Amino acid sequence: MSVDLTPTIEYPVEQLEPVQKALLSELLNSVTQLGDRKATCENARVITPKQLHSLNITSQQRGIVYFLFLYSPKKGM
């Protein structure tokens, strides 16, 4: 997921100093990477309440399941 900010930038970029152009470029790259990471997070694994309820476990055991689910190494990452 890329973020295109080109239409929102109305400042005459050609008037920027080289350092300012470099900083603007880094900012735009960071925003794009943020969008990519957000998309990755939205596609991350999820435990549904139905799945958790089907385990028929105590609240203490449920906490352990959450911990293991959140902190175990994820495949492909």
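Cut-offs used in this document
Each chain carries its own residue numbering, running from 1 in the direction its sequence is written. The predicted origin of the model limits local features to residues at a pLDDT of at least 70 and limits the giving and counting of side-chain atom pairs to 80 or more, whereas totals for whole chains, interfaces and linings rest on all residues. Think of the side-chain values as coming from all heavy atoms in the structure, minus any hydrogens and water. Numbering of helices and strands runs from the N terminus; a helix is a DSSP stretch of H or I covering at least four residues, while a strand is a stretch of E covering at least two. With residues, only the protein chains shown are counted as cover, and all accessible areas are computed by Shrake-Rupley using a 1.4 Å probe. The patches reported here contain residues having more than 30% relative accessible area and no salt bridge. Joining distances are 9 Å for like charges and 5 Å for nonpolar side chains (Val, Leu, Ile, Met, Phe, Trp, Tyr). By salt bridge we mean one thing: a side-chain nitrogen of Lys or Arg within 4 Å of a carboxyl oxygen of Asp or Glu. Whether a residue is buried, partly exposed or exposed follows from its accessible area with a 1.4 Å probe, protein chains only, as a fraction of its type maximum: under 20%, in between, or over 50%, in that order. A score from 0 to 100, pLDDT tells how confident the predictor is in each residue.

Draft legend 1. Spotlight on the overall build of the chain. The number of helices and strands found in the chain is three helices and zero strands. Overall, the chain shows an N-to-C arrangement of helices and strands of α-α-α. Entry remark: accessible area of the chain is about 7,000 Å², with carbon and sulfur atoms responsible for 60%.

Draft legend 2. Here's a closer look at a nonpolar patch on the surface. On the surface, Ile64, Tyr66, Phe67, Leu68, Leu70 and Tyr71 cluster together into a nonpolar patch covering about 680 Å² of accessible area. Looking at the secondary structure, you find Leu70 in helix H3 (residues 59-71). Judged by its relative accessible area of 51%, Leu70 falls in the exposed class.

Draft legend 3. Examining the confidence of the model for the chain more closely. Within the chain, residue pLDDT values average 78, and 81% of them lie at 70 or more. Element-level pLDDT for the chain is lowest in helix H2 (residues 49-54), with a mean of 81, against a maximum mean of 87 in helix H1 (residues 18-42).

Draft legend 4. Local environment of the environment of Tyr66. Following the sequence through the fold, Tyr66 ends up in helix H3. A residue is classified by how much of its surface remains accessible, and Tyr66, at 40% relative accessible area, is partly exposed. Expressed as a C-alpha distance, the spacing of Tyr66 and Ile47, which sit 19 residues apart in the sequence, is 8.7 Å.

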